[in-house]
Amino acid sequence: MRLAILLLLSLFTFAASTEVVKSTEAIKGAEVVAFSDESLRPRYHQLLQELRCPKCQNQNLADSNSPISQDLRREIQRMLEEQMTDKQIKDYLKSRYSEFILYRPEVNKNTWLLWGSPVLVVLLGLLILLRHNRQPKPSANKEVPKVNKESPSNTSDQQRLAELLGDKENQQ
Amino acid sequence: MNRLALFIPLALFVGLSLVLLFGLDKDPTDLPSALVGEAFPVFNLPSLKDEQNVVTEQDFNGEVVLVNVWATWCFACRIEHPMLNKLSEQGVKIIGLNYKDQRAGALAWLAERGDPYQFNIFDAKGSLGIDLGVYGAPETYLVDADGIIRHRRVGVVDDRVWESEFRAIYEQITGTEQ
């Protein structure tokens, strides 16, 4: 009985340890960070998602394992502990690493087209839709004259065909 | 009108091709620098040679200097080092920023390869590196006599880079022919 309990307990600890491994793998490379106030943690993760590693081009700070990303993660943690706002932290990094570091660029003269293009595309779509709907329906106006116009020539064709066929039959 | 409209897809295609073609020439690792035109950041760090000796940006105030970020772990710095020696011989003042490195290794490096630096800032934790926006070594900054950063180069400075990027600005702000 005692052995069974011991076995069960060791199983539990094993399960718990794999659980820990899984959760650390989930934050991929990010060190286990301790905050004085747990409410800072979601902001920390949000910032790491939105800030770009300057060295590795297409990874954010959360994904990257480069030394510079480690330093910047530590720096962001420090700034959060110092009660800086998200905007202050982003401005701090922007003044050093330029706008490149922001994965969500600010709206300015270089980026207005980027931000505005979805709106422009929707407007363009609406415009095309409106023009398309305003055109007269083909079934109502076009097909009737088509029949009228073609029927005389059709009858004359029919007559000519009959003549030709008739001639042929006579010859035979 | 309708015939012209048929050419819209072609025009779009040609436009997009041109945009992408010009994009090919751009180096994606060449980031815009936030610090050109700004003052060199304030710092307070030990020097490499003497742990007790604290150096600040005041130590090269009033002089035109190159600030070169290097480390013994940085492979490209090995390639760059002879060029720095050459520039130093020509009278260019170079300040070293030993970035996230080991003191003993860095001193051995200078003993072995020559020391082109006026002095070296020992930035073991990379704190000045973050203030400068350093994201890889080597990096070289041209700082004028007012302490304003005039040019930044990420990557090796060789003869070609010196001629094309640094020389004109250097001669302009020193008022000399180099």
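Preceding this paragraph is the structure being described.
Residues numbered from 1 in each chain as written. Chains lettered and ligands numbered in written order. Predicted model: local features only at pLDDT ≥ 70, side-chain atom pairs only at ≥ 80, totals over all residues.

Novice: Please provide a residue-by-residue account of the overall build of chain A, values included.
Specialist: Counting its regular elements, chain A contains seven helices and zero strands. Here chain A holds 172 residues, and the buried ones make up 13% of them. Intrachain contacts of chain A at a sequence separation of at least 6 include 43% that bridge at least 24 residues. (Helix = DSSP H or I, 4+ residues; strand = E, 2+ residues; numbered from the N terminus. Buried ≥ 20, exposed ≤ 12 C-beta atoms within 10 Å, placed from the backbone. Contact = placed C-beta atoms within 7 Å.)

Novice: An account of the interface of chain B and chain A is needed here, citing residue identities and associated values.
Specialist: On the side of chain A, 13 residues touch chain B, which itself brings 13 residues to the contact. Counted by class, the side of chain B that touches chain A contains six nonpolar, five polar and two charged residues. (Nonpolar A, V, L, I, M, F, W, Y, C, P; charged D, E, K, R; others polar.)

Novice: Now, about the nonpolar core: what can you tell me, with residues and values included?
Specialist: All names here are of chain B. With 50 residues, the main nonpolar core has Val65, Val67, Ile94, Ile95, Leu97, Tyr99 and Val143 as its most contacted residues. Ranked by residues supplied to this core, first place goes to strand E3 (residues 65-70) with five residues. If near-sequence neighbours (up to four positions away) are discounted, Val65 is found in contact with Phe60, Lys93, Ile94, Ile95 and Val143. (Core = buried A, V, L, I, M, F, W, Y, C linked by C-beta atoms within 7 Å.)

Novice: Which residues make up helix H4 (residues 86-97) of chain A, and what values do they have?
Specialist: When the terminal C-alpha atoms of H4(A) are compared, their 16 Å separation across 12 residues agrees well with the 16 Å that a helix rising 1.5 Å per residue should span. Turning to H4(A), its buried residues are Ile89(A), Lys90(A), Leu93(A), Arg96(A) and Tyr97(A). For H4(A), the buried positions fall inside an angular range of 130 degrees around the axis, keeping them on one side. Residues of H4(A) that are exposed and point more than 90 degrees away from the buried face comprise Lys87(A), Gln88(A) and Asp91(A). In this fold, the buried residues of H4(A) make contact with helix H2 (40-50) and helix H3 (67-81) of chain A together with helix H5 (127-132) of chain B. Of the residues one or two after H4(A), Ser98(A) is the one with positive phi, at around 70 degrees. (Expected span 1.5 Å × (residues − 1). Arc of directions from axis to C-beta.)

Novice: How would you explain the environment of Ala76(B) if you had to name every residue and give the values?
Specialist: Residue and element names in this part refer to chain B. Within the secondary structure, Ala76 is located in helix H3 (residues 75-89). With 13 C-beta atoms counted inside 10 Å, the residue Ala76 sits in the partly exposed group. Residues Ala76 and Gly155, 79 residues apart in the sequence, show an inter-C-alpha distance of 7.7 Å. Each residue touching Ala76, except ones within four places of it in the same chain, is listed here: Pro138, Gly155 and Val156.

Novice: Describe the pairing of strand E5 (residues 120-123) of chain B, listing the residues and the values that go with them.
Specialist: On any regular strand, side chains alternate: one points to one face of the sheet, the next to the other face. All names here are of chain B. Burial along E5 is two-sided: Asn120 and Phe122 and Ile121 and Asp123, pointing in opposite directions, are all buried. In this structure, strand E4 (residues 93-99) lies alongside E5, joined through four bridges in parallel fashion. Bridge pairing in E5 links Tyr99 to Asp123. (Pairing = 2+ DSSP bridges.)

Novice: Let's hear about helix H2 (residues 8-24) of chain B: which residues, and what values?
Specialist: When the terminal C-alpha atoms of H2(B) are compared, their 25 Å separation across 17 residues agrees well with the 24 Å that a helix rising 1.5 Å per residue should span. Within H2(B), only zero of the 17 residues are buried, which leaves the element largely exposed.

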